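Secondary and tertiary structure notes
Below, each chain spelled out in residue letters.
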Amino acid sequence: MALMSGALVDTAPRLRESADSVPQDWPRLAIHLARHGMELSLAEPPRQFSGGLANLNYLVVVDGREAVLRRPPPGDLPPGAFDMAREFGILARVSQGLDLAPRALYLGADASVLGAPFQIIEFRRGFAVRDTLPEALSGLPGIGGRLAATMMDVLVRLHALDTDALGLGDLGRPQGFLERAVEGWSKRALLATEGRTSPLIPALSAWLRAHRVPDGPFVLLHNDIKLDNILLDGTTLAPVAVLDWDQCTRGDALFDLATTLSYWTEAGDPPAMQALRQMPTAQPGFPTREQAAQAYAKATGRDLSDFRFYRVLAMFKLAVIFHQLHARYRQGATQDPRYAAFGELADGILEFTHTVAQGESF
């Protein structure tokens, strides 16, 4: 449904104004792609997309069409993280059943070309809502509810996919998914904090072990659905793409929902949640986390009686991720000043997670 004639929001890609954070050997890439029958245009140097804290993404022109080159960040990486070949294989299959998934175009497995494996995927033109609403949308009646409904609809559509039909029936290890998540994130928490462990890490790990529930039905999980990973049409506001499939696997659907809600700040949340600045959901007009969860449950028929466990697990995971990012800063793997405050932010998220575990917050 179009809201008016002409675009409401500019959909030009957001590119870095300064030099690339990690210089790339574009002529070397052009030679490599030419050997595989592809032409990389260097009439203008590829530009890095702005934002993001993990993988590096560049706007490139291949065979006369815009595309996205995606590669891991520099430095030592956690085992199994930033696996380009895995994400490429997932996109190649998911895009056959979900039109919001960009098509996989080329996998560069040879790390000598750019210093790491890379992939080239389809470019979709749209805009993403980040920590604040674009000015053109802020006054639209019902915009908060509409954006929230878009996120829930993406989850519903994703979780309804037939993984066997898409050739993804062997993706991941869904049996024991929740147990491995509890143990894995507890271990990563200790590694990331390097002896500076908050007392809440062992306390929350113990809570999760004591309250763990059996795995629910296995579905395809994105594991990072939030507004800045959903591109919207600048005129209709309909979703045109879902980005960042590197964490995709099979597992319990409610963990995917809980992951989305871990980014969902409300006006009454403590300072650490406000500092997340992941989505503008604390602004008037957005439903609460509980209302969003109930909308998902109504659309899917899934039971939320044990949902507190999923909420705590997803929040705990989010805190550990920020501790991992802060560890990269401490170790000198990045000089990005944003990372300096992530340790304190992670501890604040752990404190809020404790209130969720105690039933004091949804």
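These remarks concern the structure in this document.

Reading guide: rules and limits
Residues numbered from 1 in each chain as written. Predicted model: local features only at pLDDT ≥ 70, side-chain atom pairs only at ≥ 80, totals over all residues. Heavy atoms only, no water. Helix = DSSP H or I, 4+ residues; strand = E, 2+ residues; numbered from the N terminus. Rg over C-alpha atoms; globule rule 2.2 N^0.38 Å. Buried < 20%, exposed > 50% of the residue type's maximum accessible area, 1.4 Å probe, protein only. Contact = heavy atoms within 4.5 Å. Lys, Arg positive; Asp, Glu negative; His and termini not counted. Charge placed at Lys NZ, Arg CZ, Asp CG, Glu CD. Pairing = 2+ DSSP bridges. Axes fitted to C-alpha atoms, helices over the stretch in contact; angles between N-to-C directions. Arc of directions from axis to C-beta. Polar contact = N/O pair within 3.5 Å; in protein donor to acceptor, adjacent residues only side chain to side chain. Parallel < 35°, antiparallel > 145°, perpendicular 65-115°, else oblique. Left-handed = near helix turned anticlockwise from the far one by under 90°. Nonpolar A, V, L, I, M, F, W, Y, C, P; charged D, E, K, R; others polar. Salt bridge = Lys/Arg side-chain N within 4 Å of Asp/Glu carboxyl O. Phe/Tyr/Trp six-rings, centres within 6.5 Å; stacked < 30°, edge-to-face > 60°. Lys NZ or Arg CZ within 6 Å of the ring centre and 35° of its normal.

Before going further, it helps to spend a moment on the overall build of the chain. When its secondary structure is counted, the chain shows 11 helices and nine strands. Its C-alpha radius of gyration of 20 Å places the chain within 12% of the 21 Å reference for a compact globule of 362 residues. With the C-alpha coordinates aligned to their principal axes, the bounding extent of the chain is approximately 60 × 50 × 40 Å. For the chain, with 362 residues in total, the buried portion stands at 50%. Contacts spanning at least 24 positions in sequence make up 73% of the contacts within the chain whose residues lie at least 6 apart. The distance from the centre of the 35 positive side-chain charges to the centre of the 41 negative ones in the chain is 2 Å.

Attention shifts here to the sheet that holds strand E2 (residues 56-62). Read from one edge of the open sheet, five strands run E1-E2-E3-E5-E4, paired in antiparallel fashion. On the outer flanks of this sheet lie strand E1 (47-48) and strand E4 (104-108), each paired with one strand and no other. Docked against the sheet, helix H2 (residues 84-94) engages strand E3 (65-71), E4 and strand E5 (118-122), running at close to 160° with respect to E4.

Moving on, we get to helix H1 (residues 26-35). One turn of an α-helix holds 3.6 residues; hence residues three or four places apart share an orientation. Residues of H1 that are buried include every one of Trp-26, Leu-29, Ala-30, His-32 and Leu-33, and no others. With its buried residues spanning 165° around the axis, H1 presents them on a single face. Contacts from the buried residues of H1 go to E2, E3, E4 and E5. The backbone nitrogen of Arg-28 lies 3.1 Å from a side-chain oxygen of the residue at the head of H1, namely Asp-25.

The N-to-C vectors of helix H7 (residues 253-262) and helix H9 (residues 289-300) enclose an angle of 150°; their axes lie 11 Å apart at closest approach. Classified by the interaxial angle, the pair formed by H7 and H9 is roughly antiparallel. Where H7 crosses over H9, the handedness of that crossing is right-handed. Touching Ala-253, Leu-254, Leu-257 and Leu-261 of H7 are Arg-289, Ala-292, Ala-293 and Tyr-296, all from H9. When its residues are assigned to classes, the contact of H7 with H9 shows seven nonpolar, no polar and one charged.

Let's shift gears to the pattern of salt bridges. The full count for this structure, using the stated rule, is 13 salt bridges. For the salt bridge of Arg-70 with Asp-246, the shortest nitrogen-to-oxygen distance reads 3.3 Å. You can see Arg-70 sitting in strand E3 and its partner Asp-246 sitting in the loop between strand E8 (239-242) and strand E9 (249-252), a full 176 residues away along the chain. By relative accessible area, Arg-70 is classed as buried at 2%. Asp-246 gets classed as partly exposed once you look at its relative accessible area, which sits at 22%. Linking Asp-336 and Arg-338 is a salt bridge whose minimum nitrogen-to-oxygen distance equals 2.7 Å. Connected through shared salt-bridge partners, Arg-70, Glu-87, Asp-244 and Asp-246 make up one network.

Turning our eyes to something else, we now look at the packing of aromatic side chains. Within this structure, the stated rule accounts for nine aromatic pairs. On the numbers, 5.2 Å between centres and 75° between planes, the contact of Trp-26 with Tyr-58 is edge-to-face. One end of the pair, Trp-26, is in helix H1; the other, Tyr-58, is in strand E2, and 32 residues separate them in sequence. When sorted by exposure, Trp-26 lands in the same class as Tyr-58, which is buried. When the centroid spacing of 6.2 Å and the interplanar angle of 40° are considered together, the rings of Tyr-106 and Phe-118 count as tilted. Of this pair, Tyr-106 sits in strand E4 while Phe-118 sits in strand E5, and the two are 12 residues apart along the sequence. Joined through ring pairs, the aromatic side chains of Phe-307, Phe-309, Tyr-310 and Phe-362 make up one cluster. When the ring centre of Trp-185 is taken as reference, the NZ or CZ atom of Arg-188 above it lies at 4.3 Å.

Secondary-structure assignment places Ala-165 in the loop between helix H4 (143-159) and helix H5 (177-193). Along the sequence, Ala-165 and Gly-97 sit 68 residues apart, while their C-alpha atoms lie 8.8 Å from each other.

The next subject is the environment of Asp-99. Topologically, Asp-99 is positioned in the loop between H2 and E4. Distance in space between the C-alpha atoms of Asp-99 and Asp-224 is 18 Å, their sequence separation being 125 residues. Setting aside its immediate chain neighbours within four residues, Asp-99 contacts Arg-124, Arg-157 and Val-240. Of note is the side chain of Asp-99, whose polar atom sits 2.8 Å from the side chain of Arg-157.

Relative to the assigned elements, Asn-229 resides in the loop between strand E6 (218-221) and strand E7 (230-232). By relative accessible area, which is 4% here, Asn-229 ends up buried. If near-sequence neighbours (up to four positions away) are discounted, Asn-229 is found in contact with His-222, Asp-224, Ala-241, Val-242, Leu-243 and Asp-244.

From the geometry alone we can't say anything about function, so treat these as descriptive.
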